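# Remarks on the overall topology
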Amino acid sequence: EVRAKALGALKLAEYTSLVFAANGTAVNAGNPNHSGLIGSQQGVRGLPDSLYRNRAQVYANLELRQALSLGKRWYVQGVLFTDAASFEPMNAGGRATSWIGAWSTGAGIRILPTALVDTLLRFDVARLHYPFGAWFVQFGINQYI
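Rules used throughout
- Residues numbered from 1 in each chain as written.
- Predicted model: local features only at pLDDT ≥ 70, side-chain atom pairs only at ≥ 80, totals over all residues.
- Heavy atoms only, no water.
- Helix = DSSP H or I, 4+ residues; strand = E, 2+ residues; numbered from the N terminus.
- Buried < 20%, exposed > 50% of the residue type's maximum accessible area, 1.4 Å probe, protein only.
- Areas by Shrake-Rupley, 256 points an atom, 1.4 Å probe, with all protein chains shown as cover.
- Lys, Arg positive; Asp, Glu negative; His and termini not counted.
- Charge placed at Lys NZ, Arg CZ, Asp CG, Glu CD.
- Core = buried A, V, L, I, M, F, W, Y, C linked by side-chain atoms within 4.5 Å.
- Contact = heavy atoms within 4.5 Å.
- Salt bridge = Lys/Arg side-chain N within 4 Å of Asp/Glu carboxyl O.
- Pairing = 2+ DSSP bridges.

### Description of the overall build of the protein
From N to C terminus, the protein includes zero helices and eight strands. The N-to-C order of helical and strand elements in the protein reads β-β-β-β-β-β-β-β. Seen through its principal axes, the protein has C-alpha atoms that stretch 55 × 30 × 25 Å. Within the span of the protein, comprising 145 residues, buried residues form 39% of the whole. Put simply, the protein shows about 8100 Å² of open surface, and 61% of that area lies on carbon and sulfur atoms. The protein carries 13 positive and 8 negative side-chain charges, and their two centres are separated by 1 Å.

Next comes the structure, spelled out in C-alpha cells:
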C-alpha cells in the first residue's frame, strides 16, 4: 500500500482562510479486502461510505472558511466547500474495474470553542453531483479537513 497526503491553508483575511487537502492511495489488486475506501467520512461528502473498495484513489477537498467572534474564545465559522475524487474500484474477485469520478459541493457551519483543541460542533449539507445526485447531511465534532 502506498499513501500520500498534502494539506495547506491560505490566509485571505484575519478570520478568512482557504484550506486544501489532497490524498492518494494505491494497493495491489487481487484481494478486495486489501483496498482503499472512499466515502463521505473520508473523501467526498455525500458519497456512500464503504461502498467502493478501490485499487487506487485520489481525492481533494477545498474549503473557504469565514469565522466570526461570539465572544472571548468562541467563534462561529461558515464554510463553503467542494470535494472531488477519481477512483478505480475492485470487483468481488479483486480485479480493478473502470475509473469513476465523484464531485460534491456544499456549505457548513461550525461552533468553535477555542479552549478545546481540535474539538468543535460541525454541521454540513452537501449535494453530490456525480456519480449520482443526492443530498447529504453530516454532523461531526472535528473539522472535515
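### A look at the nonpolar core
Where a protein is soluble and globular, its nonpolar side chains tend to be buried together. Counting nine residues, the largest nonpolar core is built from Ile38, Val44, Leu47, Tyr52, Tyr59, Ala85, Phe87, Ala102 and Leu128. Secondary structure elements with two or more residues in this core: β4 (52–71) and β5 (74–89). Setting aside residues no more than four positions away along its own chain, phenylalanine 87 makes contact with Ile38, Leu47, Tyr52, Asn54, Ala56, Gln57, Ser98, Trp99, Ile100, Gly101 and Ala102.

### Overview of the pattern of salt bridges
Counted according to the given criterion, the structure contains nine salt bridges. For glutamate 88, the salt bridge goes to arginine 55, with nearest N and O atoms at 2.8 Å. Here arginine 55 lies in strand β4 and glutamate 88 lies in strand β5, a separation of 33 residues in the sequence. By relative accessible area, glutamate 88 is classed as buried at 11%. For arginine 55, a relative accessible area of 25% translates into the label partly exposed. Among the salt bridges present, the one from aspartate 124 reaches arginine 122, with a minimum N-O distance of 3.0 Å. Side by side, aspartate 124 and arginine 122 carry an identical accessibility label, which is buried. Among the ionic contacts, a cluster of salt bridges with common partners joins Arg45, Glu63, Arg65, Asp83, Arg110, Arg122 and Asp124.

### Some words on the pairing of strand β1 (residues 2–13)
On any regular strand, side chains alternate: one points to one face of the sheet, the next to the other face. Burial analysis of β1 places just zero of its 12 residues in the buried class, a small minority of the element. Taken together, the 11 bridges between β1 and strand β2 (residues 16–26) define a ladder with antiparallel strand orientation. Each residue of the ladder has a partner; that of alanine 4, found in β2, is glycine 24. Counting the residues in the hairpin turn of β1 and β2 gives two residues.

Everything listed here is a matter of geometry and, on its own, says nothing about what the molecule does.
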